[in-house]
Amino acid sequence: MEDAKKDIEELKQKIRYHDYRYYVLNAPVISDYEYDQMMRKLKSLEERYPQFKMPDSPTQRIGGKPLEKFEKIKHKIPMFSLEDAFSPDEAREFDKKVKRFLKFPSEKDISYSVEPKFDGLSISLIYENGILKQASTRGDGVTGEDVTQNVRTIKNIPLKLIVKNSPVYLDIQGEAIMFKQDFANINKEREETGLPLFANPRNAAAGSIRQLDPKEAAKRSLRMFTYSIRETSSDIQFKKQSEALELLKEWELPVNELNKLCLSVEEAIKYKETFTQKKHELPYEIDGMVFKVNEIDYQNRLGHTTKSPRWAIAYKFPPEQVTTTIKDIKVNVGRTGILTPVAILEPVNISGVVVSKATLHTWDEIRKKDIRIGDKVFLERAGDVIPEIIKPITEKRTGKEKIKPEPKECPVCHAHAIRDGAYFRCPNISCPAQIKESIKHFASKRAMNIDGLGDKLAEQLVGKNIIKNVADIYDLDNKIIADLERMGEKSAQNLIDAIKNTKNITLAKFLFALGIRHAGEHMAQLLAKHFGSLKNIEKAEKKELLSIKGIGEEVAQSIYDFFREQKNIQTIKKLLKAGVKLSEEKIVISFIFGKSFLFTGTLRTVTRNEAKDRVEALGGMVKNSVSKDLDYVVIGENPGSKKDKAKQWGLNCIDEETFIKLLSKK
Ligand code: IVH
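A few points on the structure. Only a predicted model underlies this, so the values are computations on that prediction, with no experimental measurement involved. (Residues numbered from 1 in each chain as written. Predicted model: local features only at pLDDT ≥ 70, side-chain atom pairs only at ≥ 80, totals over all residues. Heavy atoms only, no water.)

Looking at unusual backbone geometry
- Look at Asn-129: it is not a glycine, yet its phi comes out positive at around 45°.
- Looking at where Asn-129 falls in the secondary structure, it is placed in the loop between strand 4 (121-128) and strand 5 (131-137).
- A positive phi angle, close to 55°, is found at Asn-449, a residue other than glycine.
- By relative accessible area, which is 40% here, Asn-449 ends up partly exposed. (Helix = DSSP H or I, 4+ residues; strand = E, 2+ residues; numbered from the N terminus. Buried < 20%, exposed > 50% of the residue type's maximum accessible area, 1.4 Å probe, protein only.)

Here it is, written out as structure tokens:
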């Protein structure tokens, strides 16, 4: 037993170290395989000895259940914002003000810590004795939201600081961001799932931090950079911002490598200017550089206004804007029938990329910005990734510009368009555009994974009326495919083989592949877990769907409606007849799930808090007072009056050993 405890501690430390090498230093020293083996070993040890499974374990990053809402948190110290500067002169003006305030002669040079200004979400992290206890958003600066569960899933944030003498109390500020590559991947996936795209990595990061389900947040690959020590217990001392950054690094928190100590404002301005070009090459977005007076003593003397500190300024990059002309506004039909207006542009180069299209999102947006066909517009590459039309240059109008009316019909199948919230939608589920998109989705990697069935092929198959729904894919034969453009006999055979290969599929993947509105990958997994079989899902009443944690009204309605539509049922029947076999997934739900516990007396092998964490992590509840509906009362040493009451009421009383056994019962 003691050995197990030691092994677990050792593995935890090793994994933490390798997480640090991989996620913070970007310099792994072991292979993914070796890492996975360690993780697997730790998991299995923790399964066997659940009393040693602690919230700070790397296996417990995604622990909690979906939340109903985020709790509000009042910051002990307000989280300020920063004043902006947009030109070298404004930066010099700031430097002068600093000196005036400190009563320094104007020729004295002030040292600045110059740091990238990340375009993300400001987060305060509270570590107590080295353990991450709380993470909250900035909110309005005074009150933020408790996003601890989601921040725990950020891989470069240690759950436990790897230092010998961890400070008793630490409040650290940093920025949660999404790297450009992760942003691109997520948008691609959202496109495949029929979800609206995020406009830029900042919005994607914000959306992810505000996910109520930590499992969803964990999939979003968020990262953080830390840049301030807001408050600390007296065991930690530093005199300069540059020293604070060194301390953060020592604690193995992620600190950006481009931070630089500059000895004067001129040096700071020069350093900032090197980023005008360099920023495009960074894997994440920055929208300026922050100049911070380096001496903490000066910072304290300068203090802050109601909104921002007097000792720092955000020197912003000018937004990358160009002008171009809108040649036309076309309507794009998505998989779920959403009609999106897309501006066709006079091609234009913006920060190194030629742009010829830009989404206008919704007609409400077009109207709000008053964008017309023929308009000259300002185009900004928001977030370096998706070009965004900012506004029309109305002064340049000739009177020939045309308003794009709201769509009356689907541009492809001409079905009558219906209004659906902010969107217009083509209601015809047999619409060729929707069919093409749903075939692409059905075949996509995370769904049925039919290699070779992409955009071009789907377009031909639907355009030539060869397939009318996803089930028709299974009617295809070599000859039909080989006759298509750019397809030979070899690639036809490969495709047929790939289709055959999909005949054994998990229920979750199959559900996802069907492309039910609002039912992304995670929802599909929840459904598969809860119902275990397709039959049960088909029969499910809305009430039962709503009883599943993580499924809300909109999703439940959409799933319910999907299985009431005869066309969908026929498609499913045809797929099953064609030989698609669903492997029922093994459903492993802990015995603890949904059970309520009360503890009284001292436990020997775990603390009360650890016991509570464990129960909650497995989906159980811990109550503080005796009530008739309690499932178990755990009696420790020297129990209080609660024990007598529980016995009197005939509740199920168990000892610590039995409780520990229940933790690993399935
Ligand atoms: S220092 C007292 N450093 O910019 C203010 N902020 O407009 C402490 N930000 O809310 C902030 N990168 O979210 C600081 N290197 C950096 C930053 C940074 C991004 C954000 C932060 C803040 C906002 C202010």
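Looking at the pairing of strand 10 (residues 286-293)
- Burial analysis of strand 10 places eight of its eight residues in the buried class, the great majority of the element.
- Where strand 3 (residues 112-118) lies against strand 10, seven bridges are found, and the strand directions are antiparallel. Looking across to strand 10, one finds that Phe-118 is bridged to Ile-286.
- Strand direction decides the pairing type here: strand 10 and strand 11 (residues 312-316), joined by five bridges, are antiparallel. Paired with Met-289 across the two strands is Tyr-315, which belongs to strand 11. (Pairing = 2+ DSSP bridges.)

A closer look at the sheet that holds strand 9 (residues 260-262)
- Strand order in the open sheet formed by five strands is 2-11-10-3-9, with mixed pairing between adjacent strands. Where the open sheet ends on each side, the last strands, each with one partner, are strand 2 (83-85) and strand 9. With direction set aside, neighbouring strand axes in the sheet form an average angle of 35°.
- Most of the contacts of helix 8 (residues 241-250) go to strand 3, to which it runs at about 55°, and overall it touches strand 3, strand 9 and strand 10. (Axes fitted to C-alpha atoms, helices over the stretch in contact; angles between N-to-C directions. Contact = heavy atoms within 4.5 Å.)

Re the pattern of salt bridges
- Taken as a whole and assessed by the stated rule, the structure comprises 40 salt bridges.
- Ionic pairing is found between Asp-375 and Arg-397, a salt bridge with its closest N-O pair at 2.8 Å. On the criterion of sequence distance, the pair formed by Asp-375 in the loop between helix 12 (363-369) and strand 15 (376-382) and Arg-397 in the loop between strand 16 (386-392) and strand 17 (418-420) is long-range, its members being 22 residues apart.
- Close ionic contact of Asp-420 with Arg-517 constitutes a salt bridge, the shortest N to O distance being 3.3 Å. Remark: Arg-517 occurs in the loop between helix 17 (507-514) and helix 18 (521-531) and Asp-420 occurs in strand 17; sequence separation between them is 97 residues.
- For Asp-420, a relative accessible area of 27% puts it in the partly exposed group. (Salt bridge = Lys/Arg side-chain N within 4 Å of Asp/Glu carboxyl O.)

Topic: the site of the ligand
- Of all residues adjacent to the ligand, which total 15 residues, the nearest are Pro-116, Phe-118, Ser-122, Glu-175 and Lys-292.
- Residue Phe-118 places a main-chain N or O atom 3.1 Å away from a nitrogen atom belonging to the ligand.
- Ser-122 is positioned such that a nitrogen or oxygen atom in its side chain is 3.2 Å from an oxygen atom of the ligand.
- Elements with a contribution of two residues or more to the shell around the ligand: strand 3, strand 7 (169-178) and strand 10.
- With four residues, strand 3 is the single largest residue contributor to the shell around the ligand.
- Here the shell around the ligand is composed, by residue class, of seven nonpolar, three polar and five charged. (Near = heavy atom within 4 Å. Polar contact = N/O pair within 3.5 Å; in protein donor to acceptor, adjacent residues only side chain to side chain. Nonpolar A, V, L, I, M, F, W, Y, C, P; charged D, E, K, R; others polar.)

Notes on the side chain of Ser-57
- For Ser-57, the position within the fold is in the loop between helix 2 (32-48) and strand 1 (72-74).
- According to the relative accessible area criterion, Ser-57 is buried, its value standing at 0%.
- Contacts of Ser-57, omitting those with residues within four sequence positions, involve Lys-12, Leu-42, Glu-46 and Leu-159.

Observations concerning a negative patch on the surface
- On the surface, Glu-2, Asp-3, Asp-7 and Glu-10 cluster together to form a negatively charged patch.
- Mapped onto the elements of the fold, Glu-2 is located in helix 1 (residues 2-24). (Patch = residues over 30% accessible without salt bridge, like charges linked within 9 Å, V, L, I, M, F, W, Y side chains within 5 Å. Areas by Shrake-Rupley, 256 points an atom, 1.4 Å probe, with all protein chains shown as cover. Lys, Arg positive; Asp, Glu negative; His and termini not counted. Charge placed at Lys NZ, Arg CZ, Asp CG, Glu CD.)

Some details on the nonpolar core
- Grouped together as the largest cluster of nonpolar side chains are 58 residues, with contacts concentrated most on Ile-450, Ile-473 and Phe-510.
- Secondary-structure elements contributing two or more residues to this core are helix 13 (432-443), helix 14 (455-463), helix 16 (489-501), helix 17, helix 18, helix 19 (534-539), helix 21 (553-562) and helix 22 (566-577).
- Here the element with the most residues in this core is helix 17; it accounts for seven residues.
- With sequence-adjacent residues up to four places away left out, Ile-450 is seen in contact with Phe-442, Ala-443, Ile-473, Leu-495, Ala-498, Ile-499 and Thr-502.
- In this structure, Ile-172, Ala-204, Ile-209 and Ile-386 belong to the second largest nonpolar core, which totals 38 residues. (Core = buried A, V, L, I, M, F, W, Y, C linked by side-chain atoms within 4.5 Å.)

Some remarks on the state of the cysteines
- Tallied over the entire structure, the rule returns zero disulfides.
- Take Cys-426: it sits in no disulfide, and the sulfur closest to it among the cysteines is that of Cys-413, at 3.6 Å. (Disulfide = S-S within 2.5 Å.)

Side note on the packing of helix 1 against helix 2
- The interhelical angle for the contact between helix 1 and helix 2, taken along N-to-C directions, is 145°, at an axis separation of 10 Å. Both helix 1 and helix 2 take part in a crossing whose hand is left-handed. Counted together, Asp-7, Ile-8, Leu-11, Lys-12, Lys-14, Ile-15, His-18, Asp-19 and Tyr-22 of helix 1 and Asp-32, Tyr-35, Met-38, Met-39, Lys-41, Leu-42, Leu-45 and Glu-46 of helix 2 form the full contact between these two elements.
- Of the residues belonging to the contact of helix 1 with helix 2, the class tally is nine nonpolar, one polar and seven charged. (Left-handed = near helix turned anticlockwise from the far one by under 90°.)

Comments concerning the sheet that holds strand 21 (residues 596-600)
- Taking strand neighbours across the sheet as the criterion, the four strands line up as 22-21-23-24 in an open arrangement whose pairing is parallel. Every other strand in the sheet has two partners, leaving strand 22 (621-623) and strand 24 (653-655) as the edge strands with one partner each. Here the average twist between neighbouring strands, direction ignored, is 35°.
- Inspection of the sheet shows strand 21 paired to strand 23 (residues 632-635) by four bridges, in the parallel sense. Its bridge partner being in strand 23, Thr-600 is matched across the sheet by Ile-635.
- Lying over the sheet, helix 24 (residues 641-648) contacts strand 21, strand 23 and strand 24, oriented at roughly 135° with respect to strand 21.
- Helix 25 (residues 656-663) contacts strand 21, strand 23 and strand 24 of the sheet and is inclined by roughly 90° relative to strand 24.

Section: the packing of aromatic side chains
- Applying the stated criterion across every chain yields a total of 18 aromatic pairs.
- With a centroid separation of 4.7 Å and 70° between ring planes, the pair formed by Tyr-22 and Tyr-23 is classed as edge-to-face.
- A ring pair is formed by Phe-179 and Tyr-284, whose centres lie 5.4 Å apart and whose planes are at 55°; its orientation type is tilted. Here the residue Phe-179 occupies a position in the loop between strand 7 and helix 5 (180-193), and Tyr-284 occupies one in the loop between helix 10 (275-278) and strand 10, the gap between them amounting to 105 residues.
- On the accessibility criterion, Tyr-284 (3% relative accessible area) is buried.
- Cluster of aromatic residues (ring-pair linked, three or more members): Phe-118, Phe-179, Phe-225, Tyr-227 and Tyr-284. (Phe/Tyr/Trp six-rings, centres within 6.5 Å; stacked < 30°, edge-to-face > 60°.)

Considerations on the environment of Thr-193
- Take Thr-193: it is sitting in helix 5.
- On the basis of relative accessible area, Thr-193 is assigned to the buried category, the value being 11%.
- Put simply, Thr-193 and Asn-428 are 235 residues apart on the chain and 18 Å apart in space, counted from C-alpha to C-alpha.

Details of helix 18
- Most of helix 18 sits out of view: eight of its 11 residues are buried.
- Packing partners of the buried residues in helix 18 comprise helix 5, helix 7 (214-218), helix 17, helix 19, helix 20 (542-546) and helix 21.
- Positive phi appears at Gly-532, one or two residues downstream of helix 18, with a value of about 75°.

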